[in-house]
Amino acid sequence: MSVLAIVAALVLEQWRPLGERKAYVALLTRWSTWLEASFNAGESRHGTIAWLVAVLPPLVVAVAAYCLLLSASPLLAIAFNAGALYLTLGFRQFSQYFADLQLALRAGDVERARELIGTWRGEPAQHRSREEVMRLAIEEALVASHRHLFGVLFWFLLLPGPSGAILYRLALHLRRRWQTLGAFGVFAERMGRVLEWPAVRLTAACFAVVGDFEDAVYCWRTQARAWPDPDAGVVLAAGAGAMGVRLGMPLTAIEGVEVRPEIGLGENADSPFLDSVVGLVWRALVLWVFVLLVLTLALAV
């Protein structure tokens, strides 16, 4: 049933993408802001309570609805799971950003590419060079493929019904919203790292299998910890190694230089690697679906 729900959700998202999901994100933002205003008294236990209030009720409702629908009809349960995945994935959202960047760079419209990468990252990018824009686009695509696709699928498969996908999406949102709130955001940060730990390693393993395995594992083992966000570092190091491209490295800042470690091996980022990212992500996704299909058929025999 999980394979059918995943395929249905991916097909639905390709056919009817939810755009930038503004209404969905706005609802989550209002919910997390209300919880912060209601519970934040400057202590970590208040953040723990707020996180549990934010996450547990949706999970209980999702599991209860799934069990109820499953008892009525397996097809209803599959449709429910597919609908929840459709809302929580966001595969088409990040791929559209990347596709627009590809078109701009191929057309030689660097100004447009700078505008797009700035919007995607939420920061000014008019001072970026063409090569820096390419590096950032590849980095954003690799991390987004994990957070909007493979991470969601991992937790969807691990927990009953759509509860895993909902848990992962809520946890990432709360971690991002509360990470600057001191003690109040400690529990959200901790839970985000707990959920990411196994998920990023499975994503990295998939990149290694469908790309250059030896270089992907080498970069993963030797470079991931140097990245400011170790979770993203695992995905970036394995992805860069699998493709044979050098990412990270210093960036031109408005005032001075933004120092970043080098990640990956091989050549500097250029146009062909934009296609390589697309191929890597799709091959990893096909691998996921194929393995799930084989396991489903094996269990059914």
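The structure we're discussing is the one just above.
Reading the values: rules and limits
Residues numbered from 1 in each chain as written. Predicted model: local features only at pLDDT ≥ 70, side-chain atom pairs only at ≥ 80, totals over all residues. Heavy atoms only, no water. Helix = DSSP H or I, 4+ residues; strand = E, 2+ residues; numbered from the N terminus. Rg over C-alpha atoms; globule rule 2.2 N^0.38 Å. Buried < 20%, exposed > 50% of the residue type's maximum accessible area, 1.4 Å probe, protein only. Areas by Shrake-Rupley, 256 points an atom, 1.4 Å probe, with all protein chains shown as cover. Pairing = 2+ DSSP bridges. Phe/Tyr/Trp six-rings, centres within 6.5 Å; stacked < 30°, edge-to-face > 60°. Expected span 1.5 Å × (residues − 1). Bend = angle between axes of the 7 residues up to and from the residue.

A. Highlighting the overall build of the protein. In terms of helices and strands, the protein carries twelve helices and five strands. Taking 301 residues into account, the globule formula puts the C-alpha radius of gyration at 19 Å, and the protein, at 20 Å, falls close to it. In terms of overall dimensions, the protein has C-alpha extents of about 55 × 55 × 35 Å along its principal axes. Every one of the 301 residues in the protein was classed for burial, and the buried ones make up 45%. Working note: accessible area of the protein is about 14200 Å², and carbon and sulfur atoms make up 65% of it.

B. Expanded view of the pairing of strand S1 (residues 245–248). Here S1 runs beside strand S5 (residues 267–268); their pairing, made up of two bridges, is parallel. The residue bridging Val-245 from the neighbouring strand is Glu-267, located in S5.

C. Region of the structure containing the packing of aromatic side chains. One pass over the structure, following the stated rule, counts six aromatic pairs. Measuring from centroid to centroid gives 6.0 Å for Phe-150 and Phe-207, while their planes differ by 90°, and the two rings are edge-to-face. With Phe-150 in helix H7 (residues 130–158) and Phe-207 in helix H9 (residues 186–210), the pair connects residues that are 57 residues apart, well separated along the chain. Using a relative accessible area of 1% as the deciding quantity, one classes Phe-150 as buried. Under the relative-accessibility criterion, Phe-207 is labelled buried at 0%. By way of ring pairs, the aromatic residues Phe-150, Phe-207 and Trp-288 are connected into one cluster.

D. Main features of H9. In a regular helix each residue adds 1.5 Å, so 25 residues correspond to 36 Å; H9 covers 36 Å between its end C-alpha atoms and thus fits that length. At Glu-196, H9 shows its largest kink, close to 35°, and the proline Pro-198 lies no more than four residues downstream.

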